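Residues per chain are reported as follows:
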Amino acid sequence: MHNKPSIVPLAIYGITAFLALVTLLDFALPGKMYTEEVTRVQKKKQRYYNAGGNSHNSYEVVTPKHQFSVEEDIAKSAEGKSMSYTVSLLFQEVNSYSILPSQDRSIYSFRLISGFVLPLLLLLAIGIKFRFKKDLSILLFVLQLLVVGNFIWLLFW
């Protein structure tokens, strides 16, 4: 006898898959492009309050319309120059950027993880669960929590 799957878990998979697809599409679509002069670069020292006492510096580029995180090498060469960057349609997050006149585009690693890798992992895990009938319940639960939390973070912050 074949057990029919319950509708509640399927609905939860559907909702989280939908959120993952929306996040993935927001990252993948080109968005609105801006070209602005960098007004300043902010350097912040991030401290870890642990036994090692470690810290690192983070950098943010400020333009007249947006403020976004960049890598150290970009930050050191960006001040006073023009930047071209794209802003996502739904979440208004900076997807990619480059210092003009260079055509080399960069993507901030946090945006790459939250907009591409995490949603793709959830969709892949759901696909494996249903295609190969594997029990990935713990992995799926963790990925679903991360995708929902990420979606809320992108929507409200």
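For the structure itself, look to the data block above.
Bear in mind that the values here come from a model prediction, so they are computed numbers and not experimental data.

Cut-offs and rules
Residues numbered from 1 in each chain as written. Predicted model: local features only at pLDDT ≥ 70, side-chain atom pairs only at ≥ 80, totals over all residues. Heavy atoms only, no water. Core = buried A, V, L, I, M, F, W, Y, C linked by side-chain atoms within 4.5 Å. Buried < 20%, exposed > 50% of the residue type's maximum accessible area, 1.4 Å probe, protein only. Helix = DSSP H or I, 4+ residues; strand = E, 2+ residues; numbered from the N terminus. Contact = heavy atoms within 4.5 Å. Polar contact = N/O pair within 3.5 Å; in protein donor to acceptor, adjacent residues only side chain to side chain. Axes fitted to C-alpha atoms, helices over the stretch in contact; angles between N-to-C directions. Left-handed = near helix turned anticlockwise from the far one by under 90°. Nonpolar A, V, L, I, M, F, W, Y, C, P; charged D, E, K, R; others polar. Salt bridge = Lys/Arg side-chain N within 4 Å of Asp/Glu carboxyl O.

Is there a simple way to think about the nonpolar core in this case?
One recurring pattern in soluble globular proteins: nonpolar side chains tend to sit buried together. Among the nonpolar cores identified, the biggest contains 15 residues, and V61, F68, V70, M83, Y85 and Y97 are the most heavily contacted of them. If you list the elements that add at least two residues to this core, you get β3 (55–62), β4 (67–70), α2 (72–78), β5 (82–87) and β6 (94–99). If sequence neighbours within four positions are ignored, M83 has contacts with Y34, T35, E36, V38, V61, F68, I74, A78, Y97, S98, I99 and L100.

Looking at this structure, I do not really get the side chain of E36. What am I missing?
The topology assignment puts E36 in strand β1 (residues 32–37). Engagement of the side chain of E36 in a polar contact is seen with the side chain of Y85, the distance being 2.5 Å. Apart from the residues within four sequence positions on either side, E36 is in contact with T63, P64, K65, H66, K81, S82, M83 and Y85.

What should I look at first to understand the packing of helix α1 (residues 7–28) against helix α3 (residues 109–132) in this one?
Two measures define how a pair of helices packs: the angle their axes make with one another and the distance between the axes. The contact between α1 and α3 brings their axes to 9 Å, and the two run at 145°. Where α1 crosses over α3, the two elements pack in a sense that is left-handed. Contact residues: L10, Y13, T16, A17, A20, L21, T23, L24, D26 and F27 in α1; R111, L112, S114, G115, F116, P119, L120, L122, L123, I126, K129 and F130 in α3. In terms of residue class, the contact of α1 with α3 is made up of 15 nonpolar, four polar and three charged.

When you look at the pattern of salt bridges in this model, what are you seeing that I'm missing?
Oppositely charged side chains are able to pair whenever their charged atoms sit close together. Taken as a whole and assessed by the stated rule, the structure comprises three salt bridges. The shortest N-O distance in the salt bridge between R111 and D26 comes to 3.0 Å. Linking R111 in helix α3 with D26 in helix α1, this pair joins segments that are 85 residues apart in sequence. Of the two residues, R111 and D26, neither departs from the other in class, the shared state being buried. In this structure, K44 and E60 form a salt bridge, with 3.6 Å as the shortest nitrogen-oxygen distance. Here K44 is found in strand β2 (residues 40–47), whereas its partner E60 is found in strand β3, with 16 residues between them in sequence.

Which parts of the structure should I look at to understand the side chain of D26?
Among the residues examined, D26 registers a relative accessible area of 6% and is labelled buried. Contacts of D26, omitting those with residues within four sequence positions, involve S88, L89, L90, F91, N95 and R111.

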